[in-house]
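Here is how the chains run, residue by residue.
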Amino acid sequence: MSEDQRPAEFDRYARQISYPPLGLAGQRRLAESRALVCGSGALGSVIASTLARSGVGHLRIVDRDFLELNNLQRQVLFDEDDVAAGLPKAIAAAAKLRKINSQIEIEPVVADVDHTNVLELAAGADVIVDGTDNFETRFLLNDTAVKTGTPWVYGGCLGAEGQTMTILPGETACLRCLIADAPPPGVSPTCDTAGILAPIIGVIASIQAIEAIKILSGNRQAVSRSLTVVDLWDGRVRQIGLDALRSTVDCPTCRRGEFPWLSGERASQGAILCGRNAVQLRPSTAGTISLEALAAKLSAVGRVTRNRYLVRLAVEDYLLTIFPDGRAIIGGTDDITTARNLYARYVGT
Ligand SMILES: [Zn+2]
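As a convention, each chain's residues are numbered from 1 in the sequence order in which they are written. This being a predicted model, a pLDDT of at least 70 is required before a residue's local features are given, and a value of 80 or more before pairs of side-chain atoms are given or counted; all residues contribute to the totals for chains, interfaces and linings. To obtain the side-chain values, all non-hydrogen atoms of the structure were included, while hydrogens and water were left out.

Colleague: What am I meant to see in the nonpolar core here?
Modeller: If you look at soluble globular proteins, the nonpolar side chains tend to sit buried side by side. Counting 46 residues, the largest nonpolar core has L51, L59, L97 and V127 as its most contacted members. Every helix listed is a DSSP run of H or I at least four residues long, and every strand listed is a run of E at least two residues long, numbered separately from the N terminus. For this core, the secondary structure elements donating two or more residues are α2 (23–31), β1 (34–38), α3 (42–54), β2 (58–63), α5 (89–100), β4 (127–130), β5 (152–158) and α10 (198–216). Top element by residues in this core is α10. It accounts for nine residues. Excluding anything up to four places from it in sequence, L59 contacts A35, V37, A48, L51, A52, I104, E105, I106 and E107. Take the buried Ala, Val, Leu, Ile, Met, Phe, Trp, Tyr and Cys residues and link them wherever side-chain atoms come within 4.5 Å; each set so joined is a nonpolar core. Exposed residues in this analysis have more than 50% of their type's maximum accessible area, buried residues have under 20%, and partly exposed residues fall in between, with area computed by a 1.4 Å probe over protein chains only. Two residues qualify as a contact provided that any one of their heavy atoms is within 4.5 Å of a heavy atom in the partner residue.

Colleague: It is not clear to me how the coordination of the zinc ion should be interpreted in this structure. Could you clarify?
Modeller: Ideal values for angles at a metal depend on the geometry: 109.5 degrees with four tetrahedral donors, 90 or 180 degrees with six octahedral donors. Donors, by definition, are the N, O and S atoms found within 2.8 Å of a metal, the threshold being 3.2 Å for Na, K and Ca, and water is not counted, so a site can look incomplete. Protein coordination at the zinc ion comes from C174 (SG), C177 (SG), C251 (SG) and C254 (SG), with a distance range of 2.2 to 2.3 Å. Coordination geometry of the zinc ion: the four donor atoms subtend angles of 95 to 121 degrees at the metal centre, consistent with an arrangement described as tetrahedral. Positions of the donor residues of the zinc ion, expressed as sequence spacing, correspond to C-x2-C-x73-C-x2-C. With C174 in the loop between β6 (161–167) and α8 (175–178) and C251 in the loop between α11 (243–248) and α12 (260–263), this residue pair connects regions lying 77 residues apart in the sequence. C251 sits in the buried class, given a relative accessible area of 0%. Only four donors with every angle between 85 and 135 degrees are called tetrahedral; only four or six donors with opposite donors over 155 degrees apart and all others between 65 and 115 are called square planar or octahedral, in that order; all others are irregular.

Colleague: Can you help me understand the sheet that holds strand β12 (residues 311–315) in this one?
Modeller: Each strand in a sheet pairs with another by means of backbone hydrogen bonds, the pair being arranged parallel or else antiparallel. Strand pairing is assigned whenever DSSP detects at least two bridges linking the two strands. Pairing is antiparallel in the open sheet, where six strands are placed in the order β9-β10-β14-β13-β12-β11. Looking at strand neighbours, the two that pair on one side only are β9 (269–273) and β11 (303–306), the edges of this open sheet. Here the average twist between neighbouring strands, direction ignored, is 15 degrees. Bridge count for strand β13 (residues 318–322) against strand β14 (residues 328–331) is four bridges, and the pairing is antiparallel. Paired with I322 across the strands is A328, a residue of β14. Here an axis means a line fitted to C-alpha atoms, over the contact stretch when the element is a helix, while the angle between two N-to-C directions is reported on a 0 to 180 degree scale.

Colleague: Help me understand the packing of α3 against α10, please; the structure alone is not making it clear to me.
Modeller: Each packed pair of helices is defined by two parameters, the angle between the axes and the distance between the axes. Where α3 meets α10, the axes come as close as 8 Å, and the angle between the chain directions of the two elements is 40 degrees. By the angle between their directions, the pair α3 and α10 is classed as oblique. The crossing of α3 and α10 is right-handed. Across from A42, L43, V46, I47, T50, L51 and S54 in α3, the residues of α10 making contact are I201, G202, I204, A205, S206, Q208, A209, A212 and I213. The cut-offs work like this: below 35 degrees is roughly parallel, past 145 is roughly antiparallel, 65 to 115 is roughly perpendicular, and the gaps in between are oblique. The crossing is said to be left-handed when, going from far helix to near helix, the turn is anticlockwise and less than a right angle, and right-handed when the turn is clockwise.

Colleague: Hey, could you run me through the pairing of β6 in this one?
Modeller: For a regular strand, the rule is simple: side chains alternate between the two faces of the sheet. The buried fraction of β6 is high, at five of seven residues. For β5 and β6, the ladder comprises seven bridges, and the chain directions are antiparallel. Residue pairing for β6: Y154 is matched across the bridge by M165. In this antiparallel pair of consecutive strands, β5 and β6, the connection spans two residues, and G159 shows a positive phi of 60 degrees. Alignment of β6 against strand β7 (residues 226–231), held across four bridges, turns out to be antiparallel. Opposite T164, over in β7, you have T228 as the bridge partner.

Colleague: How should I be thinking about the environment of L298 in this particular structure?
Modeller: Looking at the secondary structure, you find L298 in helix α13 (residues 291–298). C-alpha of L298 to C-alpha of P189: the two residues are 109 residues apart in sequence and 9.9 Å apart in space. Apart from the residues lying within four places of it in its own chain, the contact partners of L298 are T193, V304, V311, L313, I322 and Y346.

Treat this as a map of the structure, not an account of what it does.
Following this line, the structure appears as structure tokens:
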């Protein structure tokens, strides 16, 4: 068979092979490439589905969370049967992705990405794509990507707004060039406190997916050099060039080679409180939380009580007690991953 004859197993990709910048050569490269998708919730659903349909040869899908009914509004890989089965998202996602494309390898991992496992999870990846819901993990991914020279695609959404940027280590600005540090706990709104509309997920995740496809298909020159910010409610799209940032910011990560999230220096600490069915979490970023503002933010999601020392949130079967320094005791679980998940959702990191 000649080099430019399409093999039969590529018939399913005929429509994208016809697109000249991708072509058969690009499709072959996609088939030989590996992507790490961190998070298989809202963004991760769209990203993983698109990459699987496009024929990326190996997808590793990592997620720490379990499915709930309120996920179905925006997490398009899942259905009511998955929720009823109470499956971890990574497992349910892999089952669905295998039905979408049986020719590729799908590797689900149910885990909380942290400094102890991220290098192993990212090993061999040609691109890392962000489907996470918190800045601690994103700064960890940024450290990992820059340290290992792996391209990665950041994305985040809240309400009807989202943003995304692509990081080519050594070539473009990194996340820390753009955002100097992770926001302190309790300051940023989260999807659980500020809400999230499904269409912005589709927009941002689709941009992330095409950026990954450019990288994996050998089209790095086509990668966006801008931060893209989209507000679907106001109908605004902004492109903010990042070239100037790279030349002016004395970035601790890509200029000075400091990787505090990867080294564990900035890792949040979790400890099971014996005999109490509770976990204590200490955030990685120090800060002083306004208990009044936090209580106001949380009043939309559960029953909130507050005194001068703490805020307490009763939600689902859990009791979250949050102190002004960001420390929290998550009652109702003895699982650190579940506790971190609840913290990211309601307090926000
Ligand atoms: Zn940087």
